[in-house]
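Observations on the three-dimensional arrangement
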Amino acid sequence: MIQSLKTFREFWPRDRVFDFLVPDTHPTLDTSHKVILYLEGISVSFDGFKAINDLNLYVDEGELRCIIGPNGAGKTTMMDIITGKTKPDTGIAWFGQTINLLKHTEPEIAEAGIGRKFQKPTVFEEHTVFENLELSMSADKRALPTLFSSLSGEQKDMIGQTLEIIGLAELFKARAGSLSHGQKQWLEIGMLLMQKPVLMLVDEPVAGMTRQEMEKTAELLTSLAGKRSIVVVEHDMDFVRSIAKKVTVLHQGAILAEGNMDEIQNNEKVREVYLGE
Ligand SMILES: Nc1ncnc2c1ncn2[C@@H]1O[C@H](COP(=O)(O)OP(=O)(O)O)[C@@H](O)[C@H]1O
Ligand SMILES: [Mg+2]
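Residues numbered from 1 in each chain as written. Chains lettered and ligands numbered in written order. Predicted model: local features only at pLDDT ≥ 70, side-chain atom pairs only at ≥ 80, totals over all residues.

Let's shift gears to the sheet that holds strand β9 (residues 247-251). Across the sheet, which stays open at both edges, the six strands sit in the order β6-β7-β8-β3-β9-β10 with mixed pairing between neighbours. Single-partner strands in this sheet number two, and they are β6 (114-117) and β10 (254-259). Strand-to-strand twist of the sheet, defined as the mean angle between neighbouring strand axes without regard to direction, takes the value 20°. When β9 meets β10, the two strands line up antiparallel, connected through five bridges. (Pairing = 2+ DSSP bridges. Helix = DSSP H or I, 4+ residues; strand = E, 2+ residues; numbered from the N terminus. Axes fitted to C-alpha atoms, helices over the stretch in contact; angles between N-to-C directions.)

This paragraph deals with the packing of helix α5 (residues 153-165) against helix α6 (residues 181-194). If you want to describe how two helices pack, look at the angle between their axes and the distance between the axes. Relative orientation of the contacting elements α5 and α6 amounts to 145°, with a least axis distance of 10 Å. Taken as a pair, α5 and α6 cross one another with a handedness that is right-handed. Across the interface between the two elements, M158, T162 and I165 of α5 pack against G190, L193 and M194 of α6. A breakdown of the residues in the contact of α5 with α6 according to their chemical character gives four nonpolar, two polar and no charged. (Left-handed = near helix turned anticlockwise from the far one by under 90°. Contact = placed C-beta atoms within 7 Å. Nonpolar A, V, L, I, M, F, W, Y, C, P; charged D, E, K, R; others polar.)

All right, on to the sheet that holds strand β1 (residues 35-46) then. Sheets are built from strands that pair by backbone hydrogen bonding, the pairs being arranged parallel or antiparallel. Ordered by their spatial adjacency, four strands build an open sheet running β2-β1-β4-β5, and the pairing between neighbours is antiparallel. A single partner strand is all that each edge strand has here, and the edge strands are β2 (49-60) and β5 (99-100). Relative to the sheet, helix α2 (residues 75-82) contacts β1, β2 and β4 (90-95), its axis offset from that of β2 by approximately 65°.

Here the focus is unusual backbone geometry. Backbone geometry at E204 places phi at a positive 40°, although glycine is not the residue there. Looking at the element boundaries, E204 is found in the loop between β7 (199-203) and α7 (211-224). Exposure remark for E204: the 20 C-beta atoms within 10 Å place this residue in the buried category. With a phi angle near 50°, Q252 is a residue other than glycine that sits in the positive phi range. If you trace the backbone, Q252 turns up in the loop between β9 and β10. By the C-beta count within 10 Å, which is 15 here, Q252 ends up partly exposed. (Buried ≥ 20, exposed ≤ 12 C-beta atoms within 10 Å, placed from the backbone.)

The subject of this paragraph is the packing of helix α4 (residues 129-137) against α5. Contact geometry of α4 with α5 gives a least axis separation of 10 Å together with a crossing angle of 130°. Classed by the angle they form, the pair α4 and α5 counts as oblique. Both α4 and α5 take part in a crossing whose hand is right-handed. Two secondary-structure elements touch here, α4 through F130, L133, E134 and M137 and α5 through Q155, I159 and T162. Residue classes in the contact of α4 with α5 are distributed as four nonpolar, two polar and one charged. (Parallel < 35°, antiparallel > 145°, perpendicular 65-115°, else oblique.)

Here's what the structure looks like:
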């Protein structure tokens, strides 16, 4: 049993070999053109209000893309469309070249390899860090944790590697409810990693974090770049700067600007609607 282990090393003595970071690729996913996500001409209205307005977005395989925009810009709605929670009124949305996102349900899209971390952490407070990771592997999230001894070697490796990646190795036996807000966010990123998604959507990961936690989160996401395709939505400009990859600015449901952080910061339109706030 996990509770009888004293240190993380007793549980997972291996060196850091983050081989499991290679995602599980769905048999019908085809990314031979190197683009993982295509959104074109997407619009959606709620009671006549256009939350997304003729949106075009292309994300390359292995890219870490930051999407920023003020509150109400449509960032979460865009993620709802990608994950099948909301169907747009017009437009096309593809996952690689072969998977038409508009023709699939939310569970089918998750199954195809798009994982999502919601804005609020939803860890299982009564369970340990370890058990939370264990639970995220099982289809039935309410299932009681299996006995440690029944985990396969591969599953143990996955949990061990994830604990190291998210920086919670020493806290593997801590109750999730006792973690700081930032640590809960990392645990949830870990739970997302355990599902081995090809594309990870991360909604406002640093909201409510301390500066130090924010820096660690930037490091964590940067370390995953290239291994997974990641779309991070944030409205914290300092955080986006610290990741310093390609940035897309969303405003009133459409793309206002795209480029590196310098280009974004020097863009007149962006300064007017966002930075000048
Ligand atoms: N289900 C919904 N019903 C009605 N209005 C919605 C719904 N979802 C989002 N909106 C509206 O769409 C706009 C964009 O919201 P959202 O995508 O949450 O923005 P962001 O995540 O960028 O802050 C907001 O004005 C919001 O009130
Ligand atoms: Mg939002």
